[in-house]
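Remarks on the overall topology
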Amino acid sequence: MVTEASLAGQKILITRPRQQSDQLAELIEQAGGKPILFPVIAINPLLPSDWQQPAFKLDHANWLIFVSRNAVLSFMSGWQTELPKHLKFAAVGGGTAQAMRESGLKVDCQPEISSGSEGLLMMPEMQDVAGCKIIIIRGVGGREHLADTLASRGASISYMEVYRRDLAVQDKVAIEQAMAADKLICTSVAGIDNVCQILSDDMTNLLYKPLVVVSNRVKAHAESKGFSCVLVSTDASDVAMLQTLIRMDE
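No experiment lies behind these values; they were computed from the predicted model shown.

Right, let's get into the overall build of the protein chain. Of regular secondary structure, the protein chain possesses ten helices and ten strands. Expressed along its principal axes, the backbone C-alpha trace of the protein chain runs to roughly 55 × 35 × 35 Å. Out of the 250 residues in the protein chain, the part that is buried amounts to 48%. Contacts in the protein chain between residues far apart in sequence, at least 24 positions, make up 66% of those at least 6 positions apart.

Here it is as structure tokens:
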């Protein structure tokens, strides 16, 4: 049960991009904590002329899969024509699905639990995809697990890369505030790498801070960096991450 004293004045470092942190910050405040917004990844949408174009046109595709809120927002800000009516749309999680609906897109498939591409791959709609043409909307780079698995099931896969992830720039004051945090939240491998790079001057202190992550994959990467106390949230939702922060004190 979450109460106003659940986090009892604890300072919680949120490393997600700024536009993805507001709801989680509000939940932390409601639980008595003090959120510190410290984005370590800068999301830079690409001009449509710089998008990686898929191997086949949207008119010939069966599915568009969005892998993040940023993929939705970057795509919708740049796409200027009507989308084919036959297309189906999938989201990797609840946050992505919410961004799709807010942007006027339907959501034909989303995992019941927000656990990234693994959760989406478990959905019935993603099982019998032999012969389907699927376009994955993502940032430059990114994981290949989703594409590789769907391809192994017989689908033809292509990408549209619509934004770039860069190392965020933080000033001295923000870095000092970050190092005063009691716990931190990091939701991606890139986030782990970036927070370690930005706070590299005090790595010993950083690595002893309790860390909440959203998957065993990110946990393994964090531990390889030297983090000594890493807990995995039950899923990637804001509520689940809050509950994991509280569970650390039990």
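On domain assignment, one finds that the protein chain holds domain 1 (11–40 + 169–248) and domain 2 (44–166). The gap between the C-alpha centroids of domain 1 and domain 2 is 27 Å. Between domain 1 and domain 2, the residue contacts involve ten residues of the former and six residues of the latter. When the two sides are added together, the surface that domain 1 and domain 2 hide from each other amounts to roughly 620 Å², 45% of it contributed by carbon and sulfur. On the domain 1 side of the interface with domain 2, the three residues burying the most area are Gln20, Arg217 and Asp235, jointly 53% of the side's total. The interface formed by domain 1 and domain 2 contains zero salt bridges. On the surface where domain 1 and domain 2 come into contact, there are one residue pair in polar contact (both at pLDDT 80 or more).

Reading the values: the criteria
Along each chain, numbering runs from 1 in the same order as the chain's sequence is written. Local features in this predicted model are restricted to residues whose pLDDT is 70 or higher, and side-chain atom pairs enter the listing and the counts only when it is 80 or higher, whereas totals over whole chains, interfaces and linings include all residues. Side-chain measures here rest on the full set of heavy atoms in the structure, leaving out hydrogens and waters. Helix and strand definitions follow DSSP, with helices as H or I runs of at least four residues and strands as E runs of at least two, each counted in order from the N terminus. Categorising residues by exposure relies on relative accessible area from a 1.4 Å probe, with only protein chains included: less than 20% of the type maximum marks a residue as buried, more than 50% marks it as exposed, and the intermediate range marks it as partly exposed. Any two residues whose heavy atoms approach within 4.5 Å at even a single point are treated as in contact. What marks off one domain from the next here is an automatic or database domain assignment. Buried area: the accessible area, evaluated with a 1.4 Å probe, that two parts lose upon being put together, summed over both parts. Take a side-chain nitrogen of Lys or Arg and a carboxyl oxygen of Asp or Glu: if they are within 4 Å of each other, that pair is a salt bridge. Any N or O atom pair separated by 3.5 Å or less is treated as a polar contact, with the protein-specific requirement of one donor-capable and one acceptor-capable atom, and with residues adjacent in sequence counted only for side-chain atom pairs.

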